[in-house]
Amino acid sequence: MRHSMTFRGIPHRSSACRESHYRGNRYHARAALVALGMVLGVSQQALADNYPSKPIEMIVAYGAGGSTDTMARIFAKYAEEELGQRVVVVNKPGAGGELGWTYLANADADGYTIGLINSPSVETHPFTRAETVAYSMDDLQPLANVVTDPGVLAVAADSPWQTLDELVEAVKAEPRSVTVSHEGVGGDDHLAALNFAGDAGIELNFVSFNGNAEATAALLGGHIDAFEGNMSEAAAHIREGDVRGLAVWSSKRMEAIPDVPTGEELGYDVMSSASRGLALPAGVPDEVYAQLLEATRKVIENPEFEAELARLNMPLDPLYGEEYVKSLEASQERFKALWDENPWIEQ
Amino acid sequence: MDILLTAFANVLTPMALLTLVLGTLAGMLIGALPGLSSTMGVALCIPITFNMPPDLALILLGAVYVSSVFGGSVTAILLRTPGTDASIATALDGYPLAVAGRGGEAIGMAALASLFGGLVSVFVLLAIAPPLSTIALAFGPQEYTWLAIFGLVTIVGVVSERPVKGVLSAALGLALACVGLDAFTGLQRFTFGQNELFDGVPLLPVLIGLFSVSQAFNLCIPRDGGVLSGEAQNLQGRSLPYWADLKRCLRTLWRSSMIGSIVGILPGAGTSIAAFISYNEARRHSAFPERYGKGEIEGVAASESANNAVTGGTLIPTLTLGIPGNAVTAVFVGGLTIHGMIPGPSLFTQHAESTYTLIVSLLFANLMFAVLGLWLCRYMVAVTRVPGAVLGPMILLFSVVGSYALRNEMFDVWLTIAFGLVGYFMERWRYPAAPLVIALILGPILEVNFRRSMQIAQWDLTTFFTRPLSVALCLLVVLSLLVPLWRRWRMSRRVAA
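Residues numbered from 1 in each chain as written. Chains lettered and ligands numbered in written order. Predicted model: local features only at pLDDT ≥ 70, side-chain atom pairs only at ≥ 80, totals over all residues. Heavy atoms only, no water.

(A) Fine view of the overall build of chain A. A tally of regular secondary structure across chain A gives 13 helices and 10 strands. Burial analysis of chain A (347 residues in total) assigns 56% to the buried set. Within chain A, contacts between residues separated by at least 24 positions form 75% of all contacts whose residues are at least 6 apart in sequence. A total accessible area of about 15,100 Å² is found for chain A, and carbon and sulfur atoms account for 49% of it. (Helix = DSSP H or I, 4+ residues; strand = E, 2+ residues; numbered from the N terminus. Buried < 20%, exposed > 50% of the residue type's maximum accessible area, 1.4 Å probe, protein only. Contact = heavy atoms within 4.5 Å. Areas by Shrake-Rupley, 256 points an atom, 1.4 Å probe, with all protein chains shown as cover.)

The structure is reproduced here in structure tokens:
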């Protein structure tokens, strides 16, 4: 028996082990478990004590060079200073973020794997792809929101419509005559445009594009009438004057495009944005979670970090811990209700 | 003019030149390795530029970009393992040349043609970028549909020897192009619940499998005929193409460089389309079209000048409109904005100095890879003397690592190996692999743009024939199909008479 214990690598001098030696087989298993628990408990404590003792992997569920990736790499640069360890960005793009988030959800919950999650996709995939999706929001432990990039509805500078109301009038006169771009079914801009059309009681003609570049080229070339996208992508064109922002779907006007009215000001009940935050696999030790939260807070409050994001037209929107969890839950509930009522992917 | 002189002065500092050399070497290596694409090369360099002055950062990114496109041609010619889709067309004639012992010459031609194409496109960028950028906007979904059809027509040129097998290969490519989420409805098509397939069958694993892995199998399982099995017979030391060859190719070089520059301007069109269209045009205009695919050096010139001309072209909409011309320049935009330069007209006013420094540095980067390419050529050719049993496993190793690095997914590695087997047997049974890849690249472009056109035109098919640019492209397609037939008919009459 002693031999077998040695083989399992549990130290002889553990009292639990010695006890089991006298009481026979039934207790042996239980004692071994206790011993194992103690060893694990110690290592867990040790892990939290000198965390982080090795480089941290940061999962980005989109390709290198995209806006999520750019933000992640800037964040990683500042986080390295706070944590005293390398933060290595690993891209796992595919299936609209699903591959990367599945990987994150299944990673070891030891604090050495963190990841970026993009809302609303991260909370809508589990019910829009219920049959195939391999993670749920319960597998993820949200840490903090960093950026909230509101949706923008825009037209080309030479468009006849000066305001959102004029566009609505035009569609009412001739339903489905106005083409609007979005960047993928079920993405935040598609949902925003659906939401707006529903609220205004109009029917829009949606045209799907692969990403912002193609959609912007089509808008500037006059091939589509309107563009639904995110502010960080449209702001430069709006400021240059070749694109006119008709509405921004946020609660207040945005600093980067101060002349564009909010949907609320214009009388539309539409709120939409793409948010980028950080999350961990569920079950990370509390101490590690607290340490990461603190480091994240310091990065976000660093004025240099904010300045770098401002250059990319990415508005900071810090939400920490519980607050962030609640906002994700609220958003999931809202989209679930919308989905149940009128699914945007035919089933 | 002052600003140009300042730009030259900026590039000719020791630090800038050192950055240029290092960027060029890194780019050539990235391009040569299967799986490491230009996009990934530039993306990997962006964190390095975080703490560099903006000018140096742009020089580094630019050098990596242009030289990685050239780097792909080296392995395409010597081993028939194109590192990126840009050099598939190069392999068609480059590899037979290498088998015949003329690999050095082919690389020399690739370097000079790339230099030619690169320089033409940089001069276009320098001189007439703003007016040309309107081309990017003039192309709507209808025109992209025609462009994709034009690209598919080039398959005819690649398969002229075995039309039926070529069409079957292209059909397989188009079928594979149907896999993935439907962009308009969000429905899953042929994904079999594999979420790795939601974005479609990924191009690079197919490319690496069909070309690199199958070639590795070929090298390990020697058969007679056509394959480099170690010592290339009568290897010639020559690394400069013959003057007569160069003179003969001059028209092709000009034509391909213009095609490359224009296709580059179109967002989403891609390097491989430019290379294949140019290759096909060169063959069509050649006095000896039957030599193509068997080691015609003009084919290498056409493909290489076109794919490097794309680099300057893609920067035109990127710098003037803020609309990236392809995936690499999209990453480029990220690099620019990190250094406080927002792509768009302000680049030529507010940040004119940095912008012109970038453009001038591209001139030097083109010269740099050509010089390095010609100089290293004789050493690189030595790879054809390595026995197949050594080379094969090495290619296999790089292919596996490269395909994993794409998305950090084991799925892609299995896919690569599976397509390696497919490629091996396709070659054995003489099915050309290039049509499959062209169709896989063009299929989604064709489908998405056709459906976009239909949605915009409310299902009115005449939209493809009522827009002036569409009509022009349509005529090009018809001509490129009919002219060879008409020529053959005229020839046969002449023979009869």
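(B) Local environment of the interface of chain B and chain A. Opposite the 43 residues of chain B that make contact, chain A presents 43 residues. For the pair chain B and chain A, the number of links is 1 salt bridge. Where chain B packs against chain A, one counts 15 residue pairs in polar contact (both at pLDDT 80 or more). Its residues assigned to classes, the side of chain B that touches chain A shows 22 nonpolar, 15 polar and 6 charged. (Salt bridge = Lys/Arg side-chain N within 4 Å of Asp/Glu carboxyl O. Polar contact = N/O pair within 3.5 Å; in protein donor to acceptor, adjacent residues only side chain to side chain. Nonpolar A, V, L, I, M, F, W, Y, C, P; charged D, E, K, R; others polar.)

(C) Examining a nonpolar patch on the surface more closely. Residue and element names in this part refer to chain B. There is a patch of nonpolar side chains on the surface, built from Val156, Val478, Leu481, Leu482 and Leu485 and spanning about 420 Å² of accessible area. Here the nonpolar patch gets 4 residues from one element, more than from any other, and that element is helix α19 (residues 468–496). On the secondary structure map, Leu485 appears in helix α19. (Patch = residues over 30% accessible without salt bridge, like charges linked within 9 Å, V, L, I, M, F, W, Y side chains within 5 Å.)

(D) View of the pattern of salt bridges. What the rule picks out here adds up to 22 salt bridges over all chains. With a shortest N-O distance of 2.9 Å, Asp69 of chain A and Arg73 of chain A are connected by a salt bridge. One end of the pair, Asp69 of chain A, and the other, Arg73 of chain A, are both in helix α4 (residues 67–83), 4 residues apart, so they sit about a helical turn from each other. Relative accessible area serves as the criterion here: at 2%, Asp69 of chain A is assigned to the buried category. Counted as one network, the salt bridges with shared partners bring together Asp245, Arg248, Arg291, Glu296 and Glu298 of chain B.

(E) Spotlight on the nonpolar core. Core analysis: the largest hydrophobic core is formed by 142 residues, its most contacted members being Met58 and Phe305 of chain A. When residues in this core are grouped by element, the largest group, 16 residues, is from helix α14 (residues 352–381) of chain B. Two domains each donate at least three residues to this core, and these are domain 2 (56–148 + 276–341) and domain 3 (150–248) of chain A. Residues in contact with Phe305 of chain A, not counting those within four places in the same chain, are Ile74, Phe75, Tyr78, Val146, Val299, Ile300 and Leu316 of chain A. The next biggest cluster of nonpolar side chains, apart from the first, holds 58 residues, and it includes Leu210, Ile273, Phe276 and Phe419 of chain B. (Core = buried A, V, L, I, M, F, W, Y, C linked by side-chain atoms within 4.5 Å. Domains from an automatic or database assignment.)

(F) Seen up close, the side chain of Thr318 of chain B. Residue and element names in this part refer to chain B. Structurally, the position occupied by Thr318 is in helix α12 (residues 297–321). What makes Thr318 buried here is its relative accessible area of 0%. In this structure the side chain of Thr318 is engaged in a polar contact, spanning 2.5 Å, whose partner is the backbone oxygen of Thr314. Those residues in contact with Thr318 that sit more than four places away from it in its chain are Ile323, Pro324, Gly325, Thr329, Val333, Pro343 and Gly344.

(G) Broad picture of the packing of helix α10 (residues 243–265) of chain B against helix α11 (residues 271–285) of chain B. All names here are of chain B. Interhelical geometry of α10 versus α11 gives an angle of 150° and a closest axis separation of 9 Å. In terms of orientation, α10 and α11 fall into the roughly antiparallel class. Seen along the crossing, α10 lies across α11 with a hand that is right-handed. On α11, the residues that touch Thr252, Arg255, Ser256, Ile259, Gly260 and Val263 of α10 are Ala274, Ile277, Ser278, Glu281, Ala282 and His285. (Axes fitted to C-alpha atoms, helices over the stretch in contact; angles between N-to-C directions. Parallel < 35°, antiparallel > 145°, perpendicular 65-115°, else oblique. Left-handed = near helix turned anticlockwise from the far one by under 90°.)

(H) Highlighting α19 of chain B. All names here are of chain B. For α19, with 29 residues, the first-to-last C-alpha span of 41 Å sits near the 42 Å given by 1.5 Å per residue. Of all the bends in α19, the greatest reaches close to 30° and is centred on Leu482; the proline Pro484 follows between one and four positions later. When α19 is considered as a whole, its buried residues turn out to be Ser470, Leu473, Cys474, Val477 and Ser480. Contacts from the buried residues of α19 go to α7 (141–158), α11 and α18 (463–466). (Expected span 1.5 Å × (residues − 1). Bend = angle between axes of the 7 residues up to and from the residue.)

(I) A look at the packing of aromatic side chains. Residues and elements named next belong to chain B. Applying the stated criterion to the full structure yields 20 aromatic pairs over all chains. Aromatic side chains Trp146 and Phe465 sit 5.8 Å apart centroid to centroid with 70° between the ring planes, which places their arrangement in the edge-to-face category. Of the two residues, Trp146 sits in helix α7 while Phe465 sits in helix α18, which places them 319 residues apart along the sequence. Ring geometry for Tyr424 versus Phe425: centroids 5.3 Å apart, planes at 85°, classification edge-to-face. (Phe/Tyr/Trp six-rings, centres within 6.5 Å; stacked < 30°, edge-to-face > 60°.)

(J) Spotlight on the environment of Glu323 of chain A. If you trace the backbone, Glu323 of chain A turns up in helix α13 (residues 321–341). Separated by 41 residues in the primary sequence, Glu323 of chain A and Ala282 of chain A place their C-alpha atoms 17 Å from one another.

(K) Highlighting the environment of Glu80 of chain A. Residues and elements named next belong to chain A. As for its position among the elements, Glu80 is in helix α4. Placed 25 residues apart in sequence, Glu80 and Pro55 show a C-alpha to C-alpha distance of 9.2 Å. Sequence-distant contacts of Glu80, defined by excluding residues within four places in its chain, comprise Gln85, Arg86 and Val87.

(L) Structural detail: the state of the cysteines. Residues and elements named next belong to chain B. What the rule picks out here adds up to 0 disulfides over all chains. Cys377 forms no disulfide, and the closest cysteine sulfur to it belongs to Cys249, at a distance of 16 Å. Since its relative accessible area comes to 0%, Cys377 is described here as buried. (Disulfide = S-S within 2.5 Å.)

(M) Expanded view of a negative patch on the surface. On the surface, a cluster of negative charge is made up of Asp138, Glu322, Glu329 and Glu333 of chain A. Along the chain, Glu329 of chain A turns up in helix α13. (Lys, Arg positive; Asp, Glu negative; His and termini not counted. Charge placed at Lys NZ, Arg CZ, Asp CG, Glu CD.)

(N) Representation of the pairing of strand β2 (residues 87–91) of chain A. Of all 5 residues in β2 of chain A, 4 are buried, a share of seventy percent or more. Of the crossover connections in this fold, the one passing from strand β1 (residues 56–60) of chain A over α4 of chain A to the parallel β2 of chain A is right-handed. (Right-handed = clockwise from strand over helix to strand, strands pointing away.)

(O) View of helix α13 (residues 327–338) of chain B. Residue and element names in this part refer to chain B. Over its 12 residues, α13 runs 17 Å from end to end, which matches the ideal 16 Å to within 8%, given 1.5 Å per residue. Taken residue by residue, α13 has Val328, Thr329, Val331, Phe332, Val333, Gly334, Gly335, Leu336, Thr337 and Ile338 as its buried positions. One or two positions beyond α13, positive phi appears at Gly340, with a value near 80°.

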